[in-house]
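# A look at the structure
Residues per chain are reported as follows:
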Amino acid sequence: MSYKISTRLFNRLYLPITLVIGYLCATVLLFEFGPIDYYTPRKSIFYSYIFYYMISLSLGYLVAMDFVRIRKENRTGKIIDFKVLVLFALVGSLIENMNVARTGSLIPTNIIDFFGSGLDFRAAGERYYTNKASSENYSTSRVLNIAAILIAWSRLFLVVYIGYNIHKLSRNRLLIGAVVCAIYPLGAISIGLNKPVMETAFLFLISVIIAIALNRAEMSTKVIKKLRFWGWIGLIFILLAIAAFVNAMESRGVTILFLEFSSPVGYITVNCSFCTEEQTGILTGLIWFINYIVQGYHGFSLALEEQFESTFGFGNSSFLIRQFEVFFGIDLSPRTFQIKTDYLWGAESRWHSIYTHFANDVGFVGVGFVLFMLGWLFGFTWKVATYQKNVYAILLLPIYSFMFLFFPANNQVLSFVASLSAFIFAHFMMFRTYQNGRNRS
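Given the structure is predicted, the values throughout are model-derived calculations rather than measurements.

### Quick word on the nonpolar core
- Counting 128 residues, the largest nonpolar core has Tyr355 and Phe407 as its most contacted members.
- When residues of this core are assigned to their parent elements, the largest contribution, 15 residues, is made by helix H15 (residues 353-388).
- Excluding residues that lie within four positions of it along the chain, Tyr355 makes contacts with Leu24, Ile50, Tyr53, Tyr297, Phe300, Val367, Leu371 and Phe407.

### Considering helix H3 (residues 82-101)
- Over its 20 residues, H3 extends 28 Å from the first C-alpha to the last, a length consistent with the 28 Å expected when each residue adds 1.5 Å.
- For H3, the buried fraction is high: 14 of the 20 residues fall into the buried class.
- Where H3 starts, the residue carrying a side-chain oxygen 3.0 Å from the main-chain nitrogen of Lys83 turns out to be Asp81.
- Positive phi appears at Arg102, one or two residues downstream of H3, with a value of about 55°.

### Overview of the pattern of salt bridges
- For the coordinates displayed, the defined rule picks out eight salt bridges.
- Ionic pairing is found between Arg155 and Glu96, a salt bridge with its closest N-O pair at 2.6 Å. Of the two residues, Arg155 is situated in helix H7 (residues 153-165) and Glu96 in helix H3; the sequence distance between them amounts to 59 residues. For the pair Arg155 and Glu96, a shared accessibility class is recorded, and that class is buried.

What counts, and at which threshold
- Residues numbered from 1 in each chain as written.
- Predicted model: local features only at pLDDT ≥ 70, side-chain atom pairs only at ≥ 80, totals over all residues.
- Heavy atoms only, no water.
- Core = buried A, V, L, I, M, F, W, Y, C linked by side-chain atoms within 4.5 Å.
- Buried < 20%, exposed > 50% of the residue type's maximum accessible area, 1.4 Å probe, protein only.
- Helix = DSSP H or I, 4+ residues; strand = E, 2+ residues; numbered from the N terminus.
- Contact = heavy atoms within 4.5 Å.
- Expected span 1.5 Å × (residues − 1).
- Polar contact = N/O pair within 3.5 Å; in protein donor to acceptor, adjacent residues only side chain to side chain.
- Salt bridge = Lys/Arg side-chain N within 4 Å of Asp/Glu carboxyl O.

Such coordinate-based values are descriptive only and should not be taken to indicate function.
Now the structure itself:
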């Protein structure tokens, strides 16, 4: 019996990194053999780095699993009161919605108008370009932005908290929490944006899965069935998020030809015997979704041709670069690989994978060391969550999952204030609570 328990625990401890590496390998295959042909200069160098990065990430995780000793006891830590969390998430979501929709007001008029239009998704897709055109002239309140930075983490915490505890939440808490969680993705849908919808749906689904994975032994069959039901609901949310993306692409009028023109120098071609260059619709949207996931590898391959100039720890995140310029009056962006390849691959409109973002700070060889540390942190987080049910480790796991999901595309988590603040704050609190329970023997 003890052997079976040890084997089960071993499999559970190493399953996350197996899934991550498997997913990353699948995206590389999709990039190389999928329906979109991306020109890749120096393929041998490109794939050598990809292999090096996967090995580094895996080694970091394995080191955490093998050398970090954690007492197998409950050190959960405490999250803030639910009412306070909801209040913070409400204010933070309204500020985020105001800034992304350029409403200039905390009142979500864009969401109200969206429902007033009868959920007109085509009009929402058209508003994407209007909203983008108004970005240069839009200015936000400094006070509200500071407030957003201080509480932005709460929105992601609330989504994960609801997903992880959904089997024991009262109906009132579930309803109120769900309404608050829906503000930001609904605001995004109203102007044709996709990422907030996918983020919310994905975090919820992963949180439900983690609740089952970590607590199955203590749960009754009835509770497990209830969680599985919510897991299916989460999967439906994911599919709806993908459908929203496909619909947004169709609403914007994008075509296969438009995708090929996204490369200013003609480095992209689409091989599709079932669609035409000017066609819009579901198939075109799905091809765009593939591009959405793997296009960052193309940007990464182009960046390998450029010279490295360090951005001193700020270049990995567009948010951090903006804050550096605000406080020091220095624009570091010309030193980034994104700007250096702008003439080949639009810096503001195309993606570069997380590897290029990290490379802005440490060079492409140095990215391996960053990924080793990231793998170690991920492994440590999973081990603390498994052994101690640490609430902050549990909050971090869906955020890590979302980061890995977008590895081929960009540095999604660290480039936005909500996910960046949640990532930093949860790590700080996890290590603080873990210290009370670490093995000192």
